Amino acid sequence: MKPKILVIGENSVTPMGIIRALGQKGYDIDVVYFTKPDNKSDVIKSCRYVNRVTDIPKTETYRFYDVIKKDYADGNWFLFPSCDLSAELISKIDDETKKHVYMQYSKSYSIPSLLEKNLQNKLAGECGLKTPNEVVVSLSDENPAIPNSVTYPCFVKPLVSATGNKTEMAVCGNSEELRKHLAKIRKTDSNRKVLVQDYLNITKEYTIGGVCTENEVYIPGIIKKKVIARLNKGVTLMGEIVPNSEIGENYALVEAFLKKTGFVGMFDLELMITDNGCYFGELNLRAGGPSYAYTYLGCNLPDFTVRSIMDNSEPVPKDKPQQGKFFVNPKVLFEDYRSLLISSKEFKEILSGSDFNLLTDKSDPEPEKVFMSQVKNKVQYKRFKRFVKNTLIRAGLLHK
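Quick notes on the rules
Numbering of residues starts from 1 in every chain and runs along the sequence as written. Given that this is a predicted model, residues contribute local features only at a pLDDT of at least 70 and side-chain atom pairs are listed and counted only at 80 or more, while totals for whole chains, interfaces and linings are drawn from all residues. Think of the side-chain values as coming from all heavy atoms in the structure, minus any hydrogens and water. Every axis in this analysis is a line fitted to C-alpha atoms, fitted for helices over the stretch in contact. Angles between the N-to-C directions lie between 0 and 180 degrees. Only DSSP runs of H or I with at least four residues qualify as helices, and only runs of E with at least two residues qualify as strands; both kinds are numbered from the N terminus onward. For classification purposes, an angle smaller than 35 degrees is called roughly parallel, one larger than 145 roughly antiparallel, one from 65 to 115 roughly perpendicular, and anything else oblique. Crossings are classed by handedness, with left-handed meaning an anticlockwise turn of the near helix from the far one by less than a right angle and right-handed meaning a clockwise turn. Every residue pair with non-hydrogen atoms within 4.5 Å of one another is taken to be in contact. Between buried and exposed lies partly exposed: a residue is buried under 20% and exposed over 50% of the maximum accessible area for its type, with that area taken using a 1.4 Å probe on protein chains only. Here the rule is simple: two strands pair whenever DSSP picks up at least two bridges between them. Take the buried residues of types Ala, Val, Leu, Ile, Met, Phe, Trp, Tyr and Cys, join any two whose side-chain atoms come within 4.5 Å, and each joined set is a nonpolar core. A clockwise course of the path from the first strand over the helix to the second, judged with the strands pointing away from the viewer, identifies a crossover as right-handed.

Caption draft 1: Region of the structure containing the packing of helix α1 (residues 13-23) against helix α11 (residues 301-310). Running from N to C, α1 and α11 cross one another at 70 degrees; their axes reach a closest spacing of 8 Å. Considering their axes alone, α1 and α11 lie roughly perpendicular with respect to each other. Note on packing geometry: the crossing formed by α1 with α11 is right-handed. Contact residues: I18, A21 and L22 in α1; P302, D303 and V306 in α11.

Caption draft 2: Local environment of the environment of P243. For P243, the position within the fold is in the loop between β13 (236-242) and α9 (250-261). When near neighbours in sequence (up to four residues on either side) are disregarded, P243 contacts I222 and Q323.

Caption draft 3: A look at the pairing of strand β7 (residues 154-158). Of all the five residues making up β7, four are buried; the element is thus mostly covered by neighbouring parts of the structure. In this structure, β7 lies alongside strand β8 (residues 170-172), joined through three bridges in antiparallel fashion. Its bridge partner being in β8, F155 is matched across the sheet by V171.

Caption draft 4: How the structure looks around the nonpolar core. Membership of the largest hydrophobic core comes to 55 residues, with the highest contact counts inside it found for I5, I19, I29, V31 and F80. Considering each element in turn, this core owes the most residues, five residues, to α1. Beyond its immediate stretch of four places on either side in the chain, I19 contacts V7, I29, V31, I44, C47, Y49 and V50. Membership of the second largest hydrophobic core comes to 31 residues, among which are I247, V254, F257 and L283.

Caption draft 5: Spotlight on the pairing of strand β2 (residues 29-35). Most of β2 sits inside the fold, with seven of its seven residues counted as buried. Burial along β2 is two-sided: I29, V31, Y33 and T35 and D30, V32 and F34, pointing in opposite directions, are all buried. Pairing of strand β1 (residues 4-9) with β2 involves five bridges; the strand directions are parallel. In the strand pairing of β2, I8 is matched with V32. Each parallel crossover has a hand, and the one from β1 via α1 to β2 is right-handed. Bridge analysis of β2 against strand β3 (residues 50-57) gives seven bridges, and the strand direction is parallel. In the strand pairing of β3, I29 is matched with V50.

Caption draft 6: Region of the structure containing the sheet that holds strand β6 (residues 134-138). Read from one edge to the other, the open sheet built from four strands follows the order β6-β9-β7-β8, with strand pairing classed as antiparallel. Either end of the sheet is taken by a strand with one partner, and the two such strands are β6 and β8. The sheet shows a mean angle of 30 degrees between the axes of neighbouring strands, taken without regard to direction. With respect to the sheet, helix α7 (residues 117-126) is in contact with β6, β7 and β9 (193-198), its orientation differing from that of β9 by roughly 40 degrees.

Caption draft 7: Region of the structure containing the sheet that holds strand β4 (residues 77-81). Spatially, the four strands line up as an open sheet ordered β3-β2-β1-β4, and their pairing is parallel. A strand with exactly one partner marks an edge of an open sheet, and here the two such strands are β3 and β4. Direction aside, the axes of adjacent strands within the sheet are offset by 20 degrees on average. Its contacts with the sheet place α1 against β1, β2, β3 and β4, and it is angled at close to 180 degrees to β2.

What follows is the structure, encoded as structure tokens:
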């Protein structure tokens, strides 16, 4: 049986990659898209492979469950997450509704627990991967207790990715900076926890996309980050796919870790190279931002994900992606550019140094056209606004 696909997410590039990968294989596709005032679903709606888009404001995610029960719980739909929020929401669908949909799962842990980075780090460490020392800090207290074990500089990030965003990650040089940062992000949402980790001097980063089946792990290649976003820290702005052998003996440790999680589905895993060796970053239980690079270069991970869950005897593909090609994530690039985090010169150098971007598809050109029309005026306005603000700050006429 070939299911229909419901892609769930936000931020156009990642869901678009999944939609195109599955659309090219003939699946019927609907989308649930979480919107914000500056993040509409117009790009997604323009895609030739999309039948129907249901918009849900990100402030009203509770409506997701009503949509699933009403329109997608008839036994014909596969729920495909494309962001941390969608992975978490899918995992919390009630047991009765779960009987009538197809979805990713874990044989060993509940998905909500597996989304917590401290459990991921524990399992990674048990498999021989290096992990930074860390403590969990609750934001529910206005003056949270900071353990004496925290060393500085330290690095702060959400315990569960869906409860925060990349811009909230920060390096804090001392306890005062740490408390100020915790107070700042607490204003956004105090009903959550964060990880405070040892700061790592990272020299190189990889993101690994693949699929876990009931018995095997399929990783056709790993993405080496050439340029990393400055606004959304750690996100791949530009990269290339390289052989698994690039990470040496760490590949076997990654494979062992993934099997230990019991996860079945498509994943995105981060590794960091430091002066002190290779460290585990995090595991995302969904497609990663640059995942369409695999499809573009010859390995359709979303299609294999669906086929392997529908039939756990589905053999692992032999496909290997074309190498030596650089890609750029246009959304991430424009976000850094409009925030004055990269210069016009850097912007042009990145574009000229890439072989393709993650929204380009000659057979489906409208999404890229819509995206470009949206960002053009927005980028010009925001760069001018930030330029004026920074000029006033430097002149002493405005405080940060």
